[in-house]
Amino acid sequence: MGHLLVVESWVGSMSRLLPRAIREGGHEFTFLTRDLHHYLREAPEGTAHPLLGARHVITADTNDTDALLTVAARLHGVLGFDGVLTSCDYYLPAVARLAAHLGLPGPRPEAVADACRKDATRRVLAAAGLPQPRHAVHQDWPELARAAKEIGYPLVVKPVDLCAGMYVRRVDDEAQLADAVRALDAFPVNARGQERSPLVLLEELLDGPEVSVETVSCGGAVHVVGVTDKSLGGAPAFIETGHMFPADLTPADTEAVRHTAVAALTALGLADGVVAHTEIRLTADGPRVVEVNPRPAGNRITELVRHVTGVDLAAACVDLALGDTPDLRGADTGLRSAAIGFLVPDRTGTLEALDADGLADTAGVLEVQLAEPGRAVRAAGSNNDYLGHVMAGDPQGLGARDRVEALLAGVRAGLVVR
């Protein structure tokens, strides 16, 4: 039995999946956070948050990495940790440093830091000669305006250090670029109270479908578990409206994106000790890396993978944190594909009605999670604004996405926001 130090977490599905994987693996964990109330207010009414199943819950300043190293070292001397991990992007670099400081398993801190900064990822991949979108990184308006003209409109504006699609926008001219930059400037601190970088990343707008490659790096090799497709909406934002695993691609395209993801992870130095989620666009000129995330995929993609292959990426993350070799053999689950679709609000107001009676009992449905009436709703601007999701599987082939879309159409028909 291992004892893990979990430093912060998301409050969504991974905050439930990781504790479950730790428990089912026969392990226990201590939870370290700077703000316990951040998690308590997100627990389902009448239930305890899964993170409170920890052996110990300790409060410390997790935003001060140097102080965190000192606190964790003291705790390690008393409690004895066998591994350290987090599911929250904003703490991945600190946890990598912490693992190295305590002599515990984990990927190289420098590699994690580069993957968590979109500008650093671009720099490393360029040095490795990997094809990328044309891009530029600047802080001041004159340089941004000049770079945008050189890249050419339309283009994509990105913060270098946020996640969940926050403030990622398509812009078609200089006026829209100025609006996007002002919006970023008005958000100087992220949701965890960390000061943001003022740098702005500009990228050419890539054509073609977007997919993600789910991998587990161990033993000095990157193992591809599979490829997930993605639906996007909410223009000018890039909101993930759904996913299907496995992606409906030709064998040649599947091999191309797998190769690209492995090359990107290898270039970044993430060929060992990490579960990763690499997003790639299949353009007319070949695959282009969108971003590399050195943690399990969000948006329930890990569950799509588990339903189809039997491979548990949350459990793999726990195994790697403990220095163990994950079981990637999989099993026959009876499903050929699984998909998830998200209910994305297009207006701001109050949720008055959402008709989903009997949906959970419908054949093929794997999960249903929908907001309750009375909830305040805002028009979606990122992946943080969903009103819920539906997940379904197909035992015959790649029909899971169509099944989910048909089910969601019925839910949307009964959606009332005023």
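Residues numbered from 1 in each chain as written. Predicted model: local features only at pLDDT ≥ 70, side-chain atom pairs only at ≥ 80, totals over all residues. Heavy atoms only, no water.

Naming follows an unreviewed UniProt entry, where the protein appears as ATP-grasp domain-containing protein of Streptomyces fuscus.

Observations regarding unusual backbone geometry
Residues apart from glycine generally show negative phi values, whereas peptide bonds are mostly found in trans. Between Y153 and P154 the backbone carries a cis peptide bond, its omega angle lying at -5°. Backbone geometry places Y167, a non-glycine residue, at a positive phi of 65°. With respect to the helices and strands, the residue Y167 is situated in the loop between strand 6 (155-159) and strand 7 (169-171). Residue Y167 is classed as partly exposed on the basis of its relative accessible area, which comes to 24%. The phi dihedral of N299 falls on the positive side, at around 55°, and the residue is not glycine. Tracing the sequence through the fold places N299 in the loop between strand 13 (286-293) and helix 10 (301-309). Relative accessible area serves as the criterion here: at 17%, N299 is assigned to the buried category. (Helix = DSSP H or I, 4+ residues; strand = E, 2+ residues; numbered from the N terminus. Buried < 20%, exposed > 50% of the residue type's maximum accessible area, 1.4 Å probe, protein only.)

Structural notes on the sheet that holds strand 1 (residues 3-7)
Read across the sheet, 4 strands follow the order 3-2-1-4 without closing on themselves; strand pairing throughout is parallel. Edge positions in the sheet fall to strand 3 (56-59) and strand 4 (83-85), since each of these pairs with one other strand and no more. Neighbour-to-neighbour, the strand axes of this sheet turn through a mean angle of 20°, independent of strand direction. Inspection of the sheet shows strand 1 paired to strand 4 by 3 bridges, in the parallel sense. Residue pairing for strand 4: L4 is matched across the bridge by G83. Sheet strands in contact with helix 1 (residues 14-24) are strand 1, strand 2 (28-33) and strand 4, and its direction is about 150° off that of strand 2. Relative to strand 4, helix 11 (residues 313-321) is tilted by about 135°, and along the sheet it contacts strand 1 and strand 4. (Pairing = 2+ DSSP bridges. Axes fitted to C-alpha atoms, helices over the stretch in contact; angles between N-to-C directions. Contact = heavy atoms within 4.5 Å.)

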